[in-house]
Amino acid sequence: MSALKVQKTEAEWKAELNEEVFHILRQKGTERAFTGEYSNHNEKGTYHCAGCDALLFESNQKFDSHCGWPAFDAPAEETIIHEHQDRSFGMVRTEVTCSDCGGHLGHVFTDGPTKTGLRYCINSLALKFKPSA
Ligand SMILES: [Zn+2]
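Treat the numbers as computed from the prediction; the structure is a model and nothing was measured. Positions within a chain are numbered from 1, following the residues in the order the chain's sequence is written. Where local features are concerned, this predicted model is filtered to residues with pLDDT of at least 70; where side-chain atom pairs are given and counted, the filter is 80 or more; whole-chain, interface and lining totals use all residues. Hydrogens and waters are ignored; side-chain quantities use all the structure's heavy atoms.

K.L.:
Residue-level account of the coordination of the zinc ion, with values.
P.N.:
Each metal's donors are the N, O and S atoms found within 2.8 Å of it, except that Na, K and Ca use a 3.2 Å limit; water is left out, so coordination can look incomplete. The zinc ion binds to the protein through Cys-49 (SG), Cys-52 (SG), Cys-98 (SG) and Cys-101 (SG), with metal-donor distances spanning 2.3 to 2.4 Å. Between the four donor atoms coordinating the zinc ion, the angles at the centre fall across 102 to 115°, so the site counts as tetrahedral. Coordination of the zinc ion draws on donor residues from a single chain, spaced C-x2-C-x45-C-x2-C in sequence. Like Cys-49, the residue Cys-52 is buried in the burial classification. Under the classification used here, a metal with four donors is tetrahedral if each angle lies between 85 and 135 degrees, square planar if opposite donors are over 155 degrees apart and the others between 65 and 115, a six-donor metal meeting that same test is octahedral, and anything else is irregular. Each residue's exposure class comes from its accessible area (1.4 Å probe, protein chains only) as a fraction of the maximum for that residue type: buried when under 20%, exposed when over 50%, partly exposed otherwise.

Following this line, the structure appears as structure tokens:
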């Protein structure tokens, strides 16, 4: 992986993030479906990385996927998301991480209902929402 803009040791992340957010971002955890605060959230604004504040998604890219996690059909900017092949749990999935801090966000699937055909399935805990002014 190329050098990240935001580099911290795991101990530094642990000190900075709450336990649940640390587990998602740094240990590739997944929050339980329908528990995240943004899974059913339709306000206008922007979604930022909970680790480094990078702008990841905009509310007009969010759609209701009924899958229990916030879903987006495209990132705010293509370069802000890194994709990695993930073969854990006996599945082949595409993991997505924040390209600025390397934090785990969720996965991207190619069954999206909009014209991009993509469904970024993201943990609410990996995101920080900022309402548009
Ligand atoms: Zn980040």
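K.L.:
Can you lay out the packing of aromatic side chains for me, pointing to particular residues and giving the numbers?
P.N.:
Two aromatic rings, drawn from Phe, Tyr or Trp (for Trp, its six-membered ring), form a pair once their centres lie within 6.5 Å of each other, and the interplanar angle then sorts them: stacked below 30 degrees, edge-to-face above 60, tilted otherwise. Scanning the model with the defined rule gives six aromatic pairs in all. Clustering of aromatic rings is evident, with ring pairs tying together Tyr-38, Tyr-47, Phe-57, Phe-72, Tyr-120 and Phe-129.

K.L.:
Give a description of the pattern of salt bridges that names residues and reports values.
P.N.:
One side-chain nitrogen of Lys or Arg within 4 Å of one carboxyl oxygen of Asp or Glu is enough to make a salt bridge. In total, this model carries eight salt bridges according to the counting rule given. The shortest N-O distance in the salt bridge between Glu-16 and Lys-8 comes to 2.9 Å. Between Arg-119 and Asp-111 there is a salt bridge, with its nearest N and O atoms 2.7 Å apart. By relative accessible area, which is 14% here, Arg-119 ends up buried. You can call Asp-111 partly exposed: its relative accessible area is 46%. What emerges from the salt-bridge pattern is a single network uniting Asp-53, Lys-128 and Lys-130.

K.L.:
I'd love a proper account of the environment of Gly-36, names of residues and values included.
P.N.:
By secondary structure assignment, the location of Gly-36 is in the loop between helix H2 (19–27) and strand S1 (45–49). Taking the relative accessible area as the measure of exposure, Gly-36 reaches 13% and is therefore buried. Sequence spacing of Gly-36 and Arg-87 is 51 residues, and the spatial spacing of their C-alpha atoms is 24 Å. Residues count as neighbours in contact if any of their non-hydrogen atoms are within 4.5 Å of one another. Setting aside residues no more than four positions away along its own chain, Gly-36 makes contact with Glu-31 and Ser-124. The helix count covers DSSP runs of H or I at least four residues long, the strand count covers runs of E at least two residues long, and both are numbered beginning at the N terminus.

K.L.:
Explain the sheet that holds strand S3 (residues 62–63) residue by residue, including any values.
P.N.:
Within a sheet, neighbouring strands are paired by backbone hydrogen bonds and run either parallel or antiparallel to one another. With respect to topology, six strands assemble into an open sheet ordered S3-S4-S8-S7-S6-S5, the strand pairing being antiparallel. Strands with a single pairing partner mark the edges of an open sheet, and in this sheet they are S3 and strand S5 (81–86). Strand pairing is assigned whenever DSSP identifies at least 2 bridges connecting the two strands. With six bridges joining them, S5 and strand S6 (residues 93–98) adopt antiparallel strand pairing. Bridge pairing in S6 places Glu-83 opposite Val-96.

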